[in-house]
Amino acid sequence: MSIAAEPASYDPKAVESQAQSFWEARRAFEVDEQSDKPKFYCLSMLPYPSGALHMGHVRNYTIGDVISRYKRMTGHNVLQPMGWDAFGLPAENAAIKNRTAPAKWTYANIEHMRSQLKSLGYAIDWSREFATCRPEYYVHEQRMFTRLLRKGLAYRKNSVVNWDPVDQTVLANEQVIDGRGWRSGALVEKREIPQWFLRITDYAQELLDGLDDLPGWPDAVKTMQRNWIGRSEGLEIQFAVEGHEPLTVFTTRPDTLMGVTFVSIAGEHPLALKAAASNPALATFLEELKHGGVSEAELETQEKRGMDTGLRAIHPITGDKVPVWVANFVLMGYGTGAVMAVPGHDQRDFEFASKYALPIQQVIALKAPKHDDEKTYDATTWRDWYGDKTRDDLELVNSGEFDGLDYRGAFEALAERFERKGQGQRRVNYRLRDWGVSRQRYWGCPIPVIYCNACGAVPVPDSDLPVVLPENVTLDGVKSPIKADPEWRKTKCPQCGAAAERETDTFDTFMESSWYYARYTSPGAKDMVDKRGNYWLPVDQYIGGIEHAILHLMYFRFYHKLLRDARMVDSDEPATNLLTQGMVIAETFYRDNADGSKDWINPVDVEIQRDDKARVVGATLKADGQPVKIGPVEKMSKSKNNGVDPQSMVDKFGADTVRLFSMFAAPPEQSLEWNEAGVEGMARFLRRLWTQVQKHVADGAAQALDVAALTADQKAVRRKTHETIDKVGNDYGKRHSFNTAIAAVMELSNLLGKFDDASPQGRAVRQEALEAAVLLLNPITPHASHALWQALGHEETLIEDVAFPQVDTEALVRDSVTLAVQVNGKLRGTIEVSADAARDQVEALAKAEPNTAKFLEGLAIRKVIVVPGKIVNIVAG
Ligand code: ANZ
Ligand code: ZN
């Protein structure tokens, strides 16, 4: 026997760079469609190249990588791509600040972040990488748009934007701070300008119905999407207006029709504009309304304001005259822009009527009121239950012929009546609006349209695409360089050849992120996607932040349907399974400044003091040793300076440890609290496993395992090995429960630490256990696993190609079981019996157990109950 050499100690830097160069040289993760394995497309939401990876990225991409590597080990042809969502406002802001072009800034960030991703060892097919700001990417988007334009699925209409009167520019919502321009500080105005829209509303019902076919999506996301689509069934009802055309209202509550005491219309409603023509006070009021917010949230919260137009509408059933008011909470863009107001049962109408002393009338009541306050209607305070149509304990009152009907009954009766008389009709409305894709920003994909005085808006012909965005520009922060440059927009009309001008708006950046998943499947394809798309799509596992639950994921689903209808893909939905990972949070630390503000201190600069029960009792700044205050645990952010730079953690601990911690600290959907002590714990575990393997192999190769020859202890270790394989396989594959998988491997490693058996079969059992541990951790710690697998004697088989270990069910069988022995229901001892022991043998052993025997002394045994595998209860007296 040779003297064991000192085992190589764990050097993550060396191990990781060795594994990474190996993968790179072998192109280990490049895939194509020529495979007899089932495909698995694992996609993580692509990053915005902001400058450096943050912990949220690391968490997202590690989850995706663990799933990808696990799927590869279980026999799948796995595609895991990566790219850059490279257009967007931050590049413009950074360009102004750093006096560089947005393109230059973006490309530099991509370089840096790519190397960061590579240092984390993700199993990415880098040959498919792209940046969405490149013409060879966005040309497809432009071609798609011109197609949609010809099909009528894209159109132009006026729409309101935020206008900064000082900078003479349109502002994005996030550039409006407290109603003022972020640079100029000027009060922002609303302006109507023509903008391009995609008809996502044509797909509203399909987008809604499709959610029922997505069992692999979180319910929370599906609910948010349903609410966003906001399907409402109701009636359109006509109200005659004295001296004018009839007014049509949309209501979901026709059952409250007899409670209508006025009609409310939007400030932009044509009838309001007509009335204002001869009513200067009203005209002034309409002008004022234009300055309010435009978002629905703002409309919900702002104070109710209105003005009587002086017009009178005729109630379609009673013939009574009711006033027509302009109300600031009625949206022109929803329904008909006109509402039959029922202050008795609609809260907004109630607040409005209370403010302007308009009549309030009860028409819905409880069928069987119990409490006194339910028996009388109180028009001075709002009662929510009157307005809830889903309740079946309500009925119509004060409604003449409709009294006694419920919501459904009244709905049907009125729908039928109005449809017969031509005074109204059933109608489904969606809250979903068409997707406004125009942005007045520079750093985006140019909208491929040419304006000609004679021909109007003409799509740029395919042969002239792409319309390229100039990258070499200077930004002064006021105007988009392509808007400021009179030359860029000059062109000829593709139809008549006359002098014409290009559109200078660019697309919303959600456009690029709506189809990138399809492009990854078809690198180099002439069109957006080719037949390779049908091999890979739909995405089998999509992973990203919950903040994308509504917009991105809606556009992503919409775009897939556009691709399907353009016959580019066969499927209806882009992704079968969706995982929304939780936030990364961390402690906050600060010191108070004299002026009451706070100086936030980064957690890496803080030393934490704990008591002997590990409770935090204080914190000091490492630099000066003086105390700092501890704030709440919050999402990592710049404003609280509690972000931990992943790169510094990778440099300090290695990528595997960072990956291990981010998978161990919390289940993927939950918040993950970053703490360095936890990271150190993970580093210790990896080092221990490393040493266990190195010590084991230093003693030479293990003999072949002879299952029949194992001792009880050896069998117990082997059983643990296979129990662990079984559990980890389930945790990865069925539950995405990575933290419990890691914990199981830790237990196995602990057991090996106590298993001190240098016999040939002892070593064979240890070899099997260590191989299992290394393989089971491979999806999470691929670098260490790569090296340890080789150390375990597999120079020729690569761990990247090794299958996930199989459970040997024989090994799970317990030869002996431990039984509790009770006398008259009280625990007196335990016995070890063979798993297939006969009943009388078990009884005999139980009675002979020394402590039990003591308690049985002098008693007569009446009965012995044996619960197999669990207990023996001896009844004696
Ligand atoms: C009378 C009524 C009585 C209403 C009642 C509600 C409760 P959803 O479910 O979102 O579709 N409405 C219609 N068009 C509107 C607009 N352009 N701006 C603001 N509000 C509008 O809501 C439909 C209900 O919202 C409609 O039903 C209408 O008020 C109002 F007890 O009609 B209801
Ligand atoms: Zn023309």
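If you look the protein up in an unreviewed UniProt entry, it shows as Leucine--tRNA ligase from Pseudoxanthomonas japonensis. In its Sequence similarities (unreviewed entry) section, the UniProt entry covering the protein states "Belongs to the class-I aminoacyl-tRNA synthetase family."

Student: Explain the nonpolar core here, please?
Tutor: One recurring pattern in soluble globular proteins: nonpolar side chains tend to sit buried together. Phe145, Tyr542, Leu563 and Trp674 are the most contacted members of the largest nonpolar core, which has 165 residues in total. Beyond its immediate sequence surroundings of up to four residues, Tyr542 is in contact with Leu43, Ser44, Met45, Tyr516, His552, Leu553, Phe556, Ala575, Asn577, Leu578 and Leu579. If you look at the next biggest cluster of nonpolar residues, it comprises 40 residues, including Leu235, Val260, Val263 and Ala415.

Student: What am I meant to see in the environment of Gln541 here?
Tutor: Here Gln541 is to be found in strand 24 (residues 541-545). Given a relative accessible area of 5%, Gln541 falls into the buried group. When neighbours within four sequence positions are excluded, Gln541 is seen to be in contact with Phe40, Tyr41, Cys42, Leu43, Ile67, Asn577, Leu578, Leu579 and His736.

Student: I'm lost on the coordination of the zinc ion (ligand 2) in this one. Help?
Tutor: Each angle at a metal carrying four tetrahedral donors should ideally be 109.5 degrees, and each at a metal carrying six octahedral donors should ideally be 90 or 180 degrees. Those protein atoms acting as donors to the zinc ion (ligand 2) are Cys452 (SG), Cys455 (SG), Cys493 (SG) and Cys496 (SG), and they sit at 2.2 to 2.4 Å. Seen from the zinc ion (ligand 2), its four donor atoms lie at angles of 106 to 112°, and the figure they make is tetrahedral. Positions of the donor residues of the zinc ion (ligand 2) along the chain correspond to the pattern C-x2-C-x37-C-x2-C. In this pair, Cys455 is assigned in the loop between strand 19 (449-452) and strand 20 (456-459) and Cys496 in the loop between strand 21 (490-492) and strand 22 (499-502), connecting sequence segments 41 residues apart. The exposure class of Cys455 is partly exposed, given its relative accessible area of 30%.

Student: When you look at the pattern of salt bridges in this model, what are you seeing that I'm missing?
Tutor: Pairing between side chains of opposite charge can happen when their charged atoms approach one another. This model, assessed by the stated rule, comprises 58 salt bridges. One salt bridge in this structure joins Arg147 and Asp527, with 2.9 Å as the shortest N-O distance. Here the residue Arg147 occupies a position in helix 5 (residues 135-151), and Asp527 occupies one in the loop between helix 16 (516-519) and helix 17 (532-536), the gap between them amounting to 380 residues. Residue classification places Asp527 among the partly exposed positions, given a relative accessible area of 26%. If you follow the salt bridges from partner to partner, you end up with Glu206, Arg557, Lys561, Arg564, Asp565, Asp572 and Glu573 in one network.

Student: When you look at the UniProt feature "domain: Aminoacyl-tRNA synthetase class Ia" (unreviewed entry) in the protein in this model, what are you seeing that I'm missing?
Tutor: Sites flagged by UniProt as "domain: Aminoacyl-tRNA synthetase class Ia" (unreviewed entry) map to residues 432-587 and 634-672. Span residues 432-587 is 21% helix and 21% strand, its end C-alpha atoms 39 Å apart. Along residues 634-672 one finds 46% helix and 8% strand; the C-alpha atoms at either end are 10 Å apart.

Student: Any chance you could explain the pairing of strand 25 (residues 578-581) here in plain terms?
Tutor: For a regular strand, side-chain orientation follows a simple rule: the groups alternate between the two sheet faces. Taking every second residue as pointing to the same face, both faces of strand 25 are buried, with Leu578 and Thr580 on one and Leu579 and Gln581 on the other. Pairing between strand 24 and strand 25: four bridges, direction parallel. Counted as the bridge partner of Gly545 is Gln581 from strand 25. Note that the unit made of strand 24, helix 18 (residues 551-565) and strand 25 has a crossover that is right-handed.

Student: Sorry, what's going on with the sheet that holds strand 26 (residues 584-586) here?
Tutor: Paired through their backbone hydrogen bonds, the strands of a sheet run either parallel or antiparallel. The strand order across the open sheet built from three strands is 32-26-33, with neighbouring strands paired in mixed fashion. At either margin of the open sheet sits one strand with a lone partner, and together these are strand 32 (634-635) and strand 33 (672-673). Of the pairings in the sheet, the one linking strand 26 to strand 32 comprises two bridges and is antiparallel in character. Each residue of the ladder has a partner; that of Ile585, found in strand 32, is Lys635.

Student: Would you mind showing me how to read the UniProt feature "short sequence motif: 'HIGH' region" (unreviewed entry) in the protein here?
Tutor: Following the UniProt record, one finds the feature "short sequence motif: 'HIGH' region" (unreviewed entry) at residues 47-57. As annotated, residues 47-57 comprises 27% helix and 0% strand, and the C-alpha atoms at either end are separated by 7 Å.

Student: Sorry if this is basic, but what is going on with the pairing of strand 1 (residues 39-44) here?
Tutor: Where burial is concerned, most of strand 1 is hidden: six out of the six residues are buried. Taking every second residue as pointing to the same face, both faces of strand 1 are buried, with Lys39, Tyr41 and Leu43 on one and Phe40, Cys42 and Ser44 on the other. Examined bridge by bridge, strand 1 and strand 2 (residues 77-79) share three bridges and lie parallel to one another. Residue pairing for strand 2: Phe40 is matched across the bridge by Val78. What joins strand 1 to strand 2 is helix 2 (residues 55-73), and the crossover it makes is right-handed. Pairing geometry for strand 1 and strand 24, over three bridges, is parallel. Residue pairing for strand 24: Cys42 is matched across the bridge by Gln541.

Cut-offs applied
Residues numbered from 1 in each chain as written. Chains lettered and ligands numbered in written order. Predicted model: local features only at pLDDT ≥ 70, side-chain atom pairs only at ≥ 80, totals over all residues. Heavy atoms only, no water. UniProt positions renumbered as here; feature names shortened; annotations may be inferred. Core = buried A, V, L, I, M, F, W, Y, C linked by side-chain atoms within 4.5 Å. Buried < 20%, exposed > 50% of the residue type's maximum accessible area, 1.4 Å probe, protein only. Contact = heavy atoms within 4.5 Å. Helix = DSSP H or I, 4+ residues; strand = E, 2+ residues; numbered from the N terminus. Donors = N, O, S within 2.8 Å, 3.2 Å for Na, K, Ca; no water. Tetrahedral: all angles 85-135°; square planar, octahedral: opposite > 155°, others 65-115°. Salt bridge = Lys/Arg side-chain N within 4 Å of Asp/Glu carboxyl O. Pairing = 2+ DSSP bridges. Right-handed = clockwise from strand over helix to strand, strands pointing away.

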